Number of protein chains: 2
Amino acid sequence: MDLPASLLSELAETLGNAVLLDPSERLAYAYDNSRRQALPDAVALPTSAEQVVALVKACRAHRVPVVPRGRGTNTTGAAVPVAGGVVVSFERMDRILQVRPGDRCAVVEPGVLNGDLQAALAPHGLFWPPDPTSAAFSTVGGNLACNAGGPRAVKYGASRDNVLALTAVTGTGEVIHCGTETTKGATGYDLQRLLVGSEGTLALIVQASLRLVPAPTARRALRAIYRDVSSAALAVARLMAQPVTPSMLEFMDGQAVRLAREVGGADLPPEAGALLMIEADGDEAILAHDIDALKRAATGEGLLALDDAADEAARQRLWAARKALSPALRTLAPGKINEDVVVPVSRIPELVGGVQELALACALPIVCFGHAGNGNLHVNLMYDPADELQAARASAAMSQVFALAIRLGGTLSGEHGIGMAKRDFMTEAVDPATLMLMRQIKSVFDPDGILNPGKLLPP
Amino acid sequence: MDLPASLLSELAETLGNAVLLDPSERLAYAYDNSRRQALPDAVALPTSAEQVVALVKACRAHRVPVVPRGRGTNTTGAAVPVAGGVVVSFERMDRILQVRPGDRCAVVEPGVLNGDLQAALAPHGLFWPPDPTSAAFSTVGGNLACNAGGPRAVKYGASRDNVLALTAVTGTGEVIHCGTETTKGATGYDLQRLLVGSEGTLALIVQASLRLVPAPTARRALRAIYRDVSSAALAVARLMAQPVTPSMLEFMDGQAVRLAREVGGADLPPEAGALLMIEADGDEAILAHDIDALKRAATGEGLLALDDAADEAARQRLWAARKALSPALRTLAPGKINEDVVVPVSRIPELVGGVQELALACALPIVCFGHAGNGNLHVNLMYDPADELQAARASAAMSQVFALAIRLGGTLSGEHGIGMAKRDFMTEAVDPATLMLMRQIKSVFDPDGILNPGKLLPP
């Protein structure tokens, strides 16, 4: 669609030349890491909350979609302007406004990169827990919008667990202040955690007060190799039931181990049916104790080998198998559907077993790995997108993976979110009465449905 | 009011004789620990979610208030049926349905006592973090409704931080399922944390899946005495900025220390102007390291004495000063207003200083103590309720305490909630646009306003 001339002049008045209209410039804001694409009608680059308010009000008056955007690293299409309208890129609102070590709090604008924030916090001996793979080039606002997690979440929680207060602009252009900059609060409804993970469909976050955590001074890694997935999953349950919570607890299934060995060249025994990477972090003086506790918990029926990385070089070598995995996947097939279902930890064997049955049934390789301590597995279904029959089988199999995760007491996504990719499955994951409440809540924040239409809630 | 005969017969049909109508029986459900009182028209004692659905639908048809109730230990009037109607006491829905150690999850009915749950979890080496003073006789449902905390929250979080999934009945009698039994989730809007702390105004919780934490095997306490509040507050900031998070970090101001010494007989030096009780918990093998780290952080300008409890008996002796405090308070005056404001940790000195100025100005003693690691202080204003002038001055001073906490970037309540006691102050703590959103969210869950009317949201 073409934007009304009056809206264009209102945007120019508010934002000056920080409105991109040239198609080649808009193209850079048309896609995200889902490989979906849709050209926005305009791109706004605000530098203040006031500008965001003005542009939302202007767009609302014309019923034009407003699509907030960090750096487009998400995998679900949540940042793709599928209904056109104005993309609001927060790249120029990237200031770190305050770091207050005694309060364990940082106040930031939404466009600051996760990695830049971590660098600014390091001299204070603090960090912000969310560590998605994209951390170096994804924004804090985007992390919050998707409730981003990462391997550290098993010990330190995901984005939602590490937010104190948010300032946001609703779909009516109202500024709301949610939460307070305190680690405890019982003053009315908890709106800040409601906004986290809402993928820009309720409000645009313009300022965030983040909960910080003291940085550990050291870390140590273990690599545990098991005969089969069940043995590894039992070890995960043992690891999570004892007092020393690992700072990472990553899982690779038999397929993943085989790939890492045969394609990635990782040093792994051929009889390995599953692998856990286990890390502890903390003060150097207590790491030995923590590693001993983790070793005891990792040990049990089906353990084939347990390697302890004595130094950083050895730690890097142990992680090599995990890092070899993603490039190795591409040797299986040119196309990949990667979904991040989550189940209770005790159901991991059933999830992996069920996925392998599906792989046989659809005659396509499926490789599982991910954040075992949270039951959050990345299910990678490999196929050739040029082969229509394969693509159809892949898509059908992934639907069954979602159904399986839900049947096991889990859900569609642990940390990637819903976006466009999984919204059609929301009716399977959420019962009708609860989904109706979500729709009504959306209407309260955004009565005209202009905020990121076509995402999260099913049609 | 009298309940309509048709409603009474519907309740009888649903609940049989589990409906109390006799005034003397209803009286036991008329009050809570706020000392407010209002007689309900009926008391329902459901044993199933289906009964709760039926009774909410019946009450809704007659526009009769529904007031959920745990054991009435809250301090804000949140459980007092101020508009009459039907109190729903969950005392007969008190089953622990599942404990799954590998998933770190327990599934319970809302009426189970916090203390009974902890006892059931102990053999599994697990606990549920919320530990309000009332834990032995308050319910999990009540803890969730108020977002109850306690001293352990500094390390383990409050109720909202320790819930995975909730099943609840809205004001329209719909059953909703919020969240999943996983420690990570990015599937739609986060409704379970929205329900926590909503004080029964959005929905009645009928089942809760709780996040459990491995129980530490040992703990050790330190008592640090400071010259003044500023020195103690700086120590709190230092303690919170280093990697070993204390499992408790309790503060007493100079008034509290004086009372504990002069009235409670605690062994404390007369020049003590503030006191911190600091605990570490974990494995016996690493406690010595943790206590050393806490000692280093506690040490600084203004420290007068630092006592380490080598064993449990010594630990009990150190805590004696804190335990002597509550009874000693009563020697100051017969009446007490106890509010639990919260501020960022770095603002504790300004809060305590401002409160002492208010105490001078209103010529009434005010004693501050509480959970310093969260900036959550209990401000105890002592007065004689029989003296109308004192009562008026006390009430005015407490309004100014709230205003002070808000001015310092804090808010009205850290863990007690709003209820009736603080709802008039909500307009000071929450801006109009955000409060309007809260009201609209309330209307989504409870369109007829029958759930716990007169609580949390201002008139």
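Residues numbered from 1 in each chain as written. Chains lettered and ligands numbered in written order. Predicted model: local features only at pLDDT ≥ 70, side-chain atom pairs only at ≥ 80, totals over all residues. Heavy atoms only, no water.

K.L.:
What is the right way to read the relation of the copies chain A and chain B from this model?
P.N.:
Two chain copies here: they are related by a rotation about an axis and a translation along the same axis. For the match of chain A to chain B, the screw axis carries a shift of 0.0 Å, the RMSD comes to 0.0 Å, and the turn is 180°. Such a combination of turn and shift is consistent with a two-fold rotation axis. Taken together, the interface assignments show that 100% of the residues at the interface of chain A recur at the interface of chain B, consistent with an identical surface on both copies. (Least-squares fit on C-alpha atoms with pLDDT ≥ 70 in both. Contact = heavy atoms within 4.5 Å.)

K.L.:
Help me understand the packing of helix α16 (residues 432-445) of chain A against helix α16 (residues 432-445) of chain B, please; the structure alone is not making it clear to me.
P.N.:
How two helices sit against one another is set out by the angle between their axes and by the gap between those axes. In the contact formed by α16 of chain A and α16 of chain B, the axes pass within 10 Å of each other and the chain directions differ by 155°. If you check the angle between α16 of chain A and α16 of chain B, you find them roughly antiparallel. Two packed elements cross with a definite hand, and for α16 of chain A against α16 of chain B that hand is right-handed. For the pair formed by α16 of chain A and α16 of chain B, the contact residues are L437, Q440, I441, V444 and F445 of chain A on the first element and L437, Q440, I441, V444 and F445 of chain B on the second. Looking at the contact of α16 of chain A with α16 of chain B residue by residue, the class counts come to eight nonpolar, two polar and no charged. (Axes fitted to C-alpha atoms, helices over the stretch in contact; angles between N-to-C directions. Helix = DSSP H or I, 4+ residues; strand = E, 2+ residues; numbered from the N terminus. Parallel < 35°, antiparallel > 145°, perpendicular 65-115°, else oblique. Left-handed = near helix turned anticlockwise from the far one by under 90°. Nonpolar A, V, L, I, M, F, W, Y, C, P; charged D, E, K, R; others polar.)

K.L.:
Explain the UniProt feature "domain: FAD-binding PCMH-type" (unreviewed entry) in chain A to me, please; I cannot follow it from the model alone.
P.N.:
This chain's UniProt record puts "domain: FAD-binding PCMH-type" (unreviewed entry) on residues 36-215 of chain A. Summarising residues 36-215 of chain A: 21% helix, 26% strand, and an end-to-end C-alpha distance of 37 Å. (UniProt positions renumbered as here; feature names shortened; annotations may be inferred.)

K.L.:
It is not clear to me how the packing of aromatic side chains should be interpreted in this structure. Could you clarify?
P.N.:
Aromatic ring pairs are described here by two measures, namely the spacing of the ring centres and the angle between the planes. The full count for this structure, using the stated rule, is four aromatic pairs over all chains. Taking the centre distance of 5.0 Å and the plane angle of 90° together, the rings of F127 of chain B and Y156 of chain B count as edge-to-face. Of this pair, F127 of chain B sits in strand β7 (residues 126-127) while Y156 of chain B sits in helix α6 (residues 153-156), and the two are 29 residues apart along the sequence. Over the ring of Y31 of chain A we find R69 of chain A, and its NZ or CZ is 5.9 Å from the ring centre. (Phe/Tyr/Trp six-rings, centres within 6.5 Å; stacked < 30°, edge-to-face > 60°. Lys NZ or Arg CZ within 6 Å of the ring centre and 35° of its normal.)

K.L.:
Would you take a moment to explain the side chain of K455 of chain A for this structure?
P.N.:
Residue and element names in this part refer to chain A. Position of K455 relative to the elements: it lies in the segment after α16. There is no salt bridge for the buried K455, and the closest opposite charge comes from D32, which lies 6.7 Å off by N-O distance. Within the structure, K455 has its side chain in polar contact with the backbone oxygen of V80 (distance 2.5 Å). (Buried < 20%, exposed > 50% of the residue type's maximum accessible area, 1.4 Å probe, protein only. Lys, Arg positive; Asp, Glu negative; His and termini not counted. Salt bridge = Lys/Arg side-chain N within 4 Å of Asp/Glu carboxyl O. Polar contact = N/O pair within 3.5 Å; in protein donor to acceptor, adjacent residues only side chain to side chain.)

K.L.:
What is the right way to look at the domain arrangement of chain A in this model?
P.N.:
All names here are of chain A. Structurally, chain A comprises domain 1 (5-89), domain 2 (96-214), domain 3 (218-327) and domain 4 (332-446). Distance from the C-alpha centre of domain 1 to the C-alpha centre of domain 4: 29 Å. With seven residues of domain 1 at the contact, the number on the domain 4 side is six residues. Between domain 1 and domain 4 lies a buried interface of about 530 Å² when both sides are counted; carbon and sulfur atoms form 67% of it. Among the residues domain 1 hides against domain 4, the three largest losses belong to R36, T75 and T76. Together they make up 73% of the total. Inspection of the domain 1/domain 4 interface yields zero salt bridges. There are three residue pairs in polar contact (both at pLDDT 80 or more) connecting domain 1 and domain 4. Class assignment of the residues belonging to the side of domain 1 that touches domain 4 gives a composition of three nonpolar, three polar and one charged. (Domains from an automatic or database assignment. Buried area = accessible area lost by both parts, 1.4 Å probe.)

K.L.:
Any chance you could explain the interface of chain A and chain B here in plain terms?
P.N.:
It is common to give the size of an interface as the accessible area that goes away when the parts come together. Taken residue by residue, the interface counts 81 residues in chain A and 82 residues in chain B. Carbon and sulfur atoms make up 60% of the area that chain A and chain B hide from each other, which totals about 6,300 Å². Three residues stand out in chain A for area buried against chain B, namely K184, T187 and Y189 of chain A, and they jointly supply 15% of the buried area on that side. The shortest N-O distance in the salt bridge between E415 of chain B and K184 of chain A comes to 2.7 Å. Taken together, the links from chain A to chain B amount to 36 residue pairs in polar contact (both at pLDDT 80 or more). Secondary-structure elements contributing two or more residues to the side of chain A that touches chain B are β9 (175-179), α7 (191-195), α8 (229-241), α10 (284-298), α15 (426-429) and α16 of chain A. Counting residues per element, the side of chain A that touches chain B draws most heavily on α16 of chain A, at nine residues. Classifying every residue of the side of chain A that touches chain B by side-chain character gives 35 nonpolar, 31 polar and 15 charged.

K.L.:
Would you explain empty space enclosed by the protein in this entry?
P.N.:
Remark: the empty space left among the atoms is shown by a probe the size of a water molecule rolled over them. As enumerated under the stated definition, the model contains one cavity of 30 Å³ or more in all. Reported here for the largest cavity is a volume of approximately 80 Å³. Along the walls of the largest cavity sit 14 residues, with P344, V345 and G373 of chain A together with D103 and T183 of chain B positioned nearest its centre. In terms of residue class, the lining of the largest cavity is made up of five nonpolar, six polar and three charged. (1 Å grid on protein atoms, 1.4 Å probe; cavity = no way out; pocket = protein on both sides within 12 Å on 5 of 7 lines; lining within 4 Å. Points joined across faces, edges and corners; volume = space filled by probe spheres on them.)

K.L.:
Is there a simple way to think about the sheet that holds strand β1 (residues 19-20) of chain A in this case?
P.N.:
Where strands meet in a sheet, backbone hydrogen bonds hold them as pairs that are either parallel or antiparallel. Residues and elements named next belong to chain A. A sheet is described by the order of its strands in space; here four strands give the open sequence β1-β2-β4-β3, paired in mixed fashion. Edge positions in the sheet fall to β1 and β3 (66-69), since each has one partner strand and no second. Two strands pair when backbone bridges link them, and β3 and strand β4 (residues 86-89) are joined in this way by four bridges, in the parallel orientation. By the bridge assignment, R69 is partnered in β4 with S89. (Pairing = 2+ DSSP bridges.)

K.L.:
I'm lost on the pairing of strand β10 (residues 203-211) of chain A in this one. Help?
P.N.:
The side chains of a regular strand alternate, residue by residue, between the two faces of the sheet. All names here are of chain A. Taken across its nine residues, β10 has seven buried, putting it largely inside the fold. In this sheet, β10 lies alongside strand β6 (residues 105-108) in antiparallel orientation, the contact comprising four bridges. Bridge assignment links C105 to a residue of β10, and that residue is R211. One ladder, built from seven bridges, connects strand β8 (residues 163-170) with β10; its direction is antiparallel. Considered in β10, the bridge of V163 is made with L210.

K.L.:
What exactly am I supposed to notice about the pattern of salt bridges here?
P.N.:
Close approach of charged atoms allows side chains with opposite charge to pair. Residues and elements named next belong to chain A. Inspection of every chain in the model, using the stated rule, returns 48 salt bridges over all chains. Notably, a salt bridge pairs K422 with D340, separated by 2.9 Å at the nearest N-O pair. Here D340 lies in the loop between β16 (335-339) and α13 (348-362) and K422 lies in the loop between α14 (388-407) and α15, a separation of 82 residues in the sequence. Here D340 falls in the buried class, since its relative accessible area comes to 0%.

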